[in-house]
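Working through the structure, step by step
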Amino acid sequence: MTHATASTIELPTSVRTQMYRDGAFVDAEGSATFENLSPATGRVLNHVAAASESDVDAAVESARRAFDAGLWSKISPAERKAVLLKFADLIEANAAELALIDSIDAGKPITDCEELDIPDVVLTIRWYAEAIDKVFGKVSPTGSDNLGLIVREPSGVVGIVVPWNFPSNTLSWKIGPALAAGNSIVVKPAELSPLSALRYAELATEAGIPAGVFNVVPGLGHVAGKALGLHNDVDVITFTGSTEVGRMFLRYAADSNLKQVALEMGGKSPQIVFADMESQLDEVAEDLAGAAFWNGGQNCSAGSRILVHNSVKSAFVTLMAEKAAARKVGDPLDRETEIGPLIEASARERVLRYIDDARSAGAVVHGGAAILEETGGFFVSPAVVDSVGKDSAVVRDEIFGPVVAIVGFDTEEEAISLANDTEYGLAANVWTHDIDVALRVARAVRAGTVAVNGFSEGDISTPFGGFGISGFGGHDKGLEAFDQYTELKTIWVTIR
Ligand SMILES: NC(=O)C1=CN([C@@H]2O[C@H](COP(=O)(O)OP(=O)(O)OC[C@H]3O[C@@H](n4cnc5c(N)ncnc54)[C@H](OP(=O)(O)O)[C@@H]3O)[C@@H](O)[C@H]2O)C=CC1
Ligand SMILES: CCCCCC/C=C/C(=O)O
């Protein structure tokens, strides 16, 4: 394994670029490939198989064959657990290499990948492995003439479509419960970060997951993703990404076999800071700088909208500007780096446009410029936007970059009203010492996760999903994730 600077990037030698089907790497139809670029240099890293519609058909066929054969779907939960625990062990044993792959492929800081992303994958796979033989069906409250059994069965073939911002984590939140429940899966990783999914599939086979249970079809969203969404033999689609593409999966389901669809989409998550935090404003600003700028703000639950009491707003803005300026932006493979490049050139242009438009409309912007352009990478320094109207685009839109907008409020009611003034509803955060205020606000804000006194998405035991246009049809994480990947069946017995 080579650790390299952005100018001499070398991927680990284990990296494979073909599709993964039936337990083996295979070329896409006609050996078609697409260019996979480095966000840190803008240069081509490698060429990856571009799955066609017929490649997706073949992967789904393979998944269905494996499901029907029952070598995974019908074995006991305890047996699946043993294999999944081995899978987790193999991921752990290869953690350094997986971290390097995601860091190079998606431009994520290497220390984040090593210390957060990959350990979270190991934890997730272990957690679902451990859970599966502890989840029971139910017996309904019948009279003595009947026995009503409510059982859960694996759904069948699950299509998994994921984005590039946490290539390993969003994948693990879906493959963990889907595999534990006994399904076969076909994964469509993001075009911008396709590599780690292929390695996870290979490690799954090494752990003993039967051929055909775990397939990967890298490729273009409007080809491979669409083919999976429209496939009549896919029982479930689970998706993380933009609301725009999430809507397409609902249409695909309506136009095909009415497959189950679960969508985890974007957000514009409010971070509400009350006046009683005045004595700890520095600590709050540090936490909220993390919430806004972690992963370069390319996070569905990024704390990109701060609502702060007007009595402490000016001091808070000064602190946030300092925190932003202190963040080290640079080569994702440099261990000092806290913020890597944005994922692609168009993302950088979009983020800079939001910043310029806000400035032109009279906002005060601290930071927020294209930097390190000589590297060829897509770097932007973090931006704190103040003196901005609550209806401006920088306050309302999911920017998916290191940009945080700050808006003042005077009363609790106003804070709640501003927090809920969005179509999104993924996450929120409230800072106060007053437990009554904290709980009143937590209950009043319409969001799937509300953190109190610290940015958080919960842990693996807590369900993660969104209200409004942030979520549809199910949750990732927690035992609740099994609802996405199982069908409920009633068995009604007449006792004669
Ligand atoms: N909630 C979240 O975590 C995320 C939210 N977003 C939001 O979405 C914006 C765009 O990011 P992006 O990664 O492009 O997200 P997308 O929603 O475009 O992509 C997510 C996944 O869907 C696939 N896809 C794209 N188009 C189609 C299609 N027509 N039919 C079926 N599948 C498709 C993508 O493939 P391909 O990669 O080939 O395009 C990718 O695998 C971000 O700027 C952000 O606002 C993005 C990522 C994560
Ligand atoms: C270390 C675990 C990080 C998980 C973050 C997942 C974010 C998901 C998303 O943007 O959808």
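Given the structure is predicted, the values throughout are model-derived calculations rather than measurements. (Residues numbered from 1 in each chain as written. Chains lettered and ligands numbered in written order. Predicted model: local features only at pLDDT ≥ 70, side-chain atom pairs only at ≥ 80, totals over all residues. Heavy atoms only, no water.)

Before going further, it helps to examine a nonpolar patch on the surface. On the surface, a cluster of nonpolar side chains totalling about 380 Å² of accessible area is made up of V139, L147, I491, V493 and I495. Tracing the backbone through its elements, the reader meets V139 in strand 5 (residues 138–139). (Patch = residues over 30% accessible without salt bridge, like charges linked within 9 Å, V, L, I, M, F, W, Y side chains within 5 Å. Areas by Shrake-Rupley, 256 points an atom, 1.4 Å probe, with all protein chains shown as cover. Salt bridge = Lys/Arg side-chain N within 4 Å of Asp/Glu carboxyl O. Helix = DSSP H or I, 4+ residues; strand = E, 2+ residues; numbered from the N terminus.)

Attention now moves to the site of ligand 2. Around ligand 2 sit 13 residues, and of these N165, W173, E264, N299 and C300 come closest. Between ligand 2 and E264, the relevant distance is 3.1 Å, taken from an oxygen atom to a side-chain nitrogen or oxygen of the residue. A distance of 3.4 Å separates an oxygen atom of ligand 2 from a polar side-chain atom of N299. Compared with its free state, where it exposes 360 Å², ligand 2 has 94% of that area covered by protein. (Near = heavy atom within 4 Å. Polar contact = N/O pair within 3.5 Å; in protein donor to acceptor, adjacent residues only side chain to side chain.)

This part is about the site of ligand 1. Taken together, 30 residues lie near ligand 1, and W164, E191, S242, Y252 and E398 sit nearest. G221 places a main-chain nitrogen or oxygen 2.8 Å from an oxygen atom of ligand 1. For ligand 1, a nitrogen atom lies 3.4 Å from a polar atom in the backbone of G241. Protein contacts shield 86% of the accessible area of ligand 1, which totals 850 Å² for the unbound molecule. Where the shell around ligand 1 is concerned, the elements lending two or more residues are helix 7 (221–230), strand 10 (236–240) and helix 8 (243–255). Along the lines of polarity and charge, the residues of the shell around ligand 1 split into 15 nonpolar, nine polar and six charged. (Nonpolar A, V, L, I, M, F, W, Y, C, P; charged D, E, K, R; others polar.)

We now examine the environment of N257. If you trace the backbone, N257 turns up in the loop between helix 8 and strand 11 (260–264). In this structure, the C-alpha to C-alpha distance between N257 and A419, residues 162 residues apart in sequence, is 38 Å. Discounting residues that sit within four places of it in the chain, N257 has contacts with H231, N232, D233 and V234. Polar contacts involving the side chain of N257 include one to the main-chain carbonyl oxygen of N232, which spans 3.0 Å. Here S256 takes part through its side chain, which lies 3.4 Å from a polar atom of the side chain of N257. (Contact = heavy atoms within 4.5 Å.)

It is at 8 Å that the axes of helix 7 and helix 8 come closest, and there the two elements cross at 45 degrees. The orientation of helix 7 with respect to helix 8, classified from their angle, is oblique. Judged by residue contacts, G225, K226, G229 and L230 of helix 7 engage F249, Y252, A253 and D255 from helix 8. Across the contact of helix 7 with helix 8, the residue classes break down as four nonpolar, two polar and two charged. (Axes fitted to C-alpha atoms, helices over the stretch in contact; angles between N-to-C directions. Parallel < 35°, antiparallel > 145°, perpendicular 65-115°, else oblique.)

The subject of this paragraph is the UniProt feature "active site" (unreviewed entry) in the chain. UniProt annotation of "active site" (unreviewed entry) refers to E264 when read in the numbering used here. Among residues more than four places away in sequence, those in contact with E264 are F239, T240, G241, C300, L426, F464, S470 and D476. (UniProt positions renumbered as here; feature names shortened; annotations may be inferred.)

This part covers the UniProt feature "domain: Aldehyde dehydrogenase" (unreviewed entry) in the chain. When the UniProt feature table is mapped to this numbering, "domain: Aldehyde dehydrogenase" (unreviewed entry) covers residues 25–491. Between the end C-alpha atoms of residues 25–491 the distance is 41 Å, and the span holds 40% helix and 20% strand.

Turning to its location among the elements, S62 is positioned in helix 1 (residues 53–69). Judged by its relative accessible area of 1%, S62 falls in the buried class. In terms of polar contacts, S62 uses its side chain to reach the side chain of D22, at 3.2 Å. Leave out the neighbours within four places in its chain, and S62 touches R21, D22, G212 and N215. (Buried < 20%, exposed > 50% of the residue type's maximum accessible area, 1.4 Å probe, protein only.)

Attention now goes to the sheet that holds strand 5. Spatially, the three strands line up as an open sheet ordered 5-6-22, and their pairing is antiparallel. Whereas interior strands pair on both sides, the edge strands pair on one side only; in this sheet they are strand 5 and strand 22 (486–494). Sheet topology places strand 5 next to strand 6 (residues 146–154); two bridges connect them, and they run antiparallel. In the strand pairing of strand 6, V139 is matched with L149. (Pairing = 2+ DSSP bridges.)

Turning next to unusual backbone geometry. Even without glycine at this site, L372 takes up a positive phi of about 50 degrees. Note that L372 resides in the loop between strand 15 (370–371) and strand 16 (379–380). The exposure class of L372 is partly exposed, given its relative accessible area of 28%. Here the phi dihedral of N453 falls at roughly 55 degrees; this positive angle occurs in a residue that is not glycine. Within the secondary structure, N453 is located in the loop between strand 20 (449–452) and strand 21 (471–472). Looking at N453, the relative accessible area reads 35%, which means it is partly exposed.

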